[in-house]
Each structure stands twice: as C-alpha cells, then as structure tokens.
Number of protein chains: 2
Amino acid sequence: MLGEFEYLLITTAARLGENAYGAAIREGIEEIAQRKCSIGALYTTIERLEGKGLITTWMGEATAERGGRAKRMVRVTGKGTRAAKEFYEVMMRVSRGASWAVGRAEKLS
Amino acid sequence: MLGEFEYLLITTAARLGENAYGAAIREGIEEIAQRKCSIGALYTTIERLEGKGLITTWMGEATAERGGRAKRMVRVTGKGTRAAKEFYEVMMRVSRGASWAVGRAEKLS
DNA sequence: TCCATTAGTTCTACATTGCAGTAGTAATGT
DNA sequence: ACATTACTACTGCAATGTAGAACTAATGGA
C-alpha cells in the first residue's frame, strides 16, 4: 500500500494541479501538514512514485524570475488517483468509531 | 510521525478494548482493512509501539480452550491515543478537497 | 562584463517501518 | 503419551522516510 508520506505528496500535487512542481509541493506539504519536509524526502519520494507509475514528471520552462531554474513538473496519474483513493478509504474505514474521529469518520457507511 | 500500519494497529487495539491481544488484533486488521496481516508484521509492530510508549502489553491468562495459550494483551496509552489523533487529523486536513474524499473530508474545518 | 544572489534540483547515505515465514510453547482432548 | 490447536517469539530482508550538502542556471546590479 501507499505510505503516509507518499499519500501526502500525491494529495498535495493533485491539489496544486497545473502548478505542481517540486518546490511548490514542498511548501504545500509544510503548510498543510504543519511539519518540515526535507528536500531529500521530497525528491526521493517523487522518484519512487514515478517509478511505480503513480505520477509522471517532466522538466518545465525556467520562470522569468531571478534564479528561476527549470522546474520539475508533476502530474498524478489515474493509477495514482486510485491508489490515493484506496488509501483514504482504508483510513476512513479503520477510523470509524475511534474516539479521536468523533463526528467525522463514523459518517462513512 | 506514525506509520500507516502502526495507525491501523493502534486503532484496532483501541476498538477491541479489553479484548485486545495479538491474534485478535490481527483478525481485526484483516477484516477492516481487507488485506493480509502477517504474523511478523503484527508482533514487530507491537514491539516497536511498546518501545515508543504508545501501547503497553502484558501476558494474560490462558483461555480454557483447546490450545489456549497465554495471550499478549495490549492497551493503548494516552500518548498512543494522542499520536493516533494527530495522524488522523493530518490525514483529514490533507485530504480536504481531494476528489477522492468528496463528501467527507471537506466537512472538517 | 563579472559576480553575488537566488530558485530550484540532484545525489548520497542512513534510519525507520513494513512484511514474511519458521520455530517454539503451553494447554486440550483422546 | 501424543496429536492437535491457539498463540507468541525470532530472524532477515524489502520498502519508505529523512537529512543535507553539492550542483545548476538564470537575474540584476556595480
């Protein structure tokens, strides 16, 4: 199954849509998960996810900004979306009835 | 942070309450996550969680059943509950707005 | 023009978790 | 006594998670 960080990455990339690239995903993760995301964690996971066919990546244009280096763009594949969905559903099913999930997960049938 | 399988184990143990012990937890996981849970995965994770203070374990009585060997009982500690809660909340926050979480996670503020 | 600065990625190494199976132990029932 | 059964212990390896230093190419000002 998907790992927890892999799920974080896929979800963040999906949310960023057309603007999903390495550094932006990193910011996104730090913001939403409220924790550090090291550069190494980010790119090694991108590599692995691409290897598994859950995302695709390609080099984009350099931005016209000071230091704007070419970006590594990311897109979540259909397979990636399915994997994320499955991960999410297992988590919800397992959490159903847990004291820390009151008012949320138990709404799932 | 907690791993995905660690979360599964803690949640299942919490749900089983007084009846949480190795083999029962294993069955519980297989049932709810709909996947195999190997013996090794189970006990090594129990060891690790105990090492981190997220659960406590002790040997219980042998059941009066044929082959009823002494059971390794499990209880989730306060620290364990907090860790699970945090894991759950990060997952929910991250999933908010994801296409595969429609109708569920986005209800969380 | 040259260089400091900056956004971004690549690379390397290691720590932590996940997974699988075999072996071992103590009780039951015949 | 012995086959059977419910369970746990142990060992080894695969997959994921984490960290940060090094590298690259573009910008903008002196």
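Our subject in this report is the structure included herewith. What you see is a predicted model, and the numbers here were worked out from it, not measured in a lab. (Residues numbered from 1 in each chain as written. Chains lettered and ligands numbered in written order. Predicted model: local features only at pLDDT ≥ 70, side-chain atom pairs only at ≥ 80, totals over all residues. Heavy atoms only, no water.)

### Looking at the interface of chain B and chain A
Okay, so step 1: Taken together, the 31 residues of chain B in the interface contact 31 residues of chain A.
Okay, so step 2: At the boundary of chain B with chain A, total buried surface from both sides reaches about 2,900 Å², with 70% on carbon and sulfur atoms.
Okay, so step 3: Applying the counting rule to chain B against chain A returns zero salt bridges.
Okay, so step 4: Linking chain B with chain A are eight residue pairs in polar contact (both at pLDDT 80 or more).
Okay, so step 5: Mapped onto the side of chain B that touches chain A, the elements with two or more residues apiece are α1 (4–16), α2 (22–33) and α4 (78–95) of chain B.
Okay, so step 6: Sorting elements by how many residues they give to the side of chain B that touches chain A places α4(B) first, with 12 residues. (Contact = heavy atoms within 4.5 Å. Buried area = accessible area lost by both parts, 1.4 Å probe. Salt bridge = Lys/Arg side-chain N within 4 Å of Asp/Glu carboxyl O. Polar contact = N/O pair within 3.5 Å; in protein donor to acceptor, adjacent residues only side chain to side chain. Helix = DSSP H or I, 4+ residues; strand = E, 2+ residues; numbered from the N terminus.)

### Details of the packing of aromatic side chains
Okay, so step 1: Taken as a whole and assessed by the stated rule, the structure comprises four aromatic pairs over all chains.
Okay, so step 2: Ring centres 4.6 Å apart and planes at 25° place the aromatic pair Y7(A) and F87(A) in the stacked group. Of the two residues, Y7(A) is situated in helix α1 (residues 4–16) and F87(A) in helix α4 (residues 78–95); the sequence distance between them amounts to 80 residues. As far as burial versus exposure is concerned, Y7(A) and F87(A) are alike and both buried.
Okay, so step 3: Taken together, the ring pairs connect Y7(A), F87(A) and W100(B) into an aromatic cluster.
Okay, so step 4: Residue placement shows K71(A) over the ring face of Y21(A); its charged tip is 4.6 Å from the ring centre. (Phe/Tyr/Trp six-rings, centres within 6.5 Å; stacked < 30°, edge-to-face > 60°. Buried < 20%, exposed > 50% of the residue type's maximum accessible area, 1.4 Å probe, protein only. Lys NZ or Arg CZ within 6 Å of the ring centre and 35° of its normal.)

### Describing α2(B)
Okay, so step 1: When the terminal C-alpha atoms of α2(B) are compared, their 16 Å separation across 12 residues agrees well with the 16 Å that a helix rising 1.5 Å per residue should span.
Okay, so step 2: Residues of α2(B) that are buried: G22(B), A24(B), I25(B), G28(B), I29(B), I32(B) and A33(B). Buried residues of α2(B) fall within an arc of 160° about the axis and therefore sit on the same side. Exposed residues lying more than 90 degrees from the buried face of α2(B) are E27(B) and E31(B).
Okay, so step 3: Residues of α2(B) that are buried make contact with α4 of chain A together with α1, α3 (39–51) and β2 (70–76) of chain B. (Expected span 1.5 Å × (residues − 1). Arc of directions from axis to C-beta.)

### Digging into the protein's contact with DNA strand D
Okay, so step 1: Not every one of the 32 residues close to DNA strand D is listed here, only the nearest: R48(A), Y21(B), Y43(B), R69(B) and R72(B).
Okay, so step 2: Counting only atoms of DNA strand D within 4 Å of the protein, the sugar-phosphate share comes to 52%.
Okay, so step 3: Measuring from a phosphate oxygen of DNA strand D, one finds a side-chain N or O atom of R72(B) at 2.6 Å.
Okay, so step 4: When residues in the surface near DNA strand D are grouped by element, the largest group, five residues, is from helix α3 (residues 39–51) of chain A.
Okay, so step 5: Split into classes, the residues belonging to the surface near DNA strand D amount to nine nonpolar, 11 polar and 12 charged. (Near = heavy atom within 4 Å. Nonpolar A, V, L, I, M, F, W, Y, C, P; charged D, E, K, R; others polar.)

### Comments concerning empty space enclosed by the protein
Okay, so step 1: For the structure shown, the criterion picks out one cavity of 30 Å³ or more.
Okay, so step 2: Of the volumes computed, that of the largest cavity is approximately 70 Å³.
Okay, so step 3: Taken together, Y7(A), F87(A), Y88(A), M91(A), M92(A), S95(A), Y7(B), F87(B), Y88(B), M91(B), M92(B) and S95(B) make up the lining of the largest cavity.
Okay, so step 4: Counting only elements with at least two residues in the lining of the largest cavity, the list comes to α4 of chain A together with α4 of chain B.
Okay, so step 5: Taken together, the residues of the lining of the largest cavity sort by class into 10 nonpolar, two polar and no charged. (1 Å grid on protein atoms, 1.4 Å probe; cavity = no way out; pocket = protein on both sides within 12 Å on 5 of 7 lines; lining within 4 Å. Points joined across faces, edges and corners; volume = space filled by probe spheres on them.)

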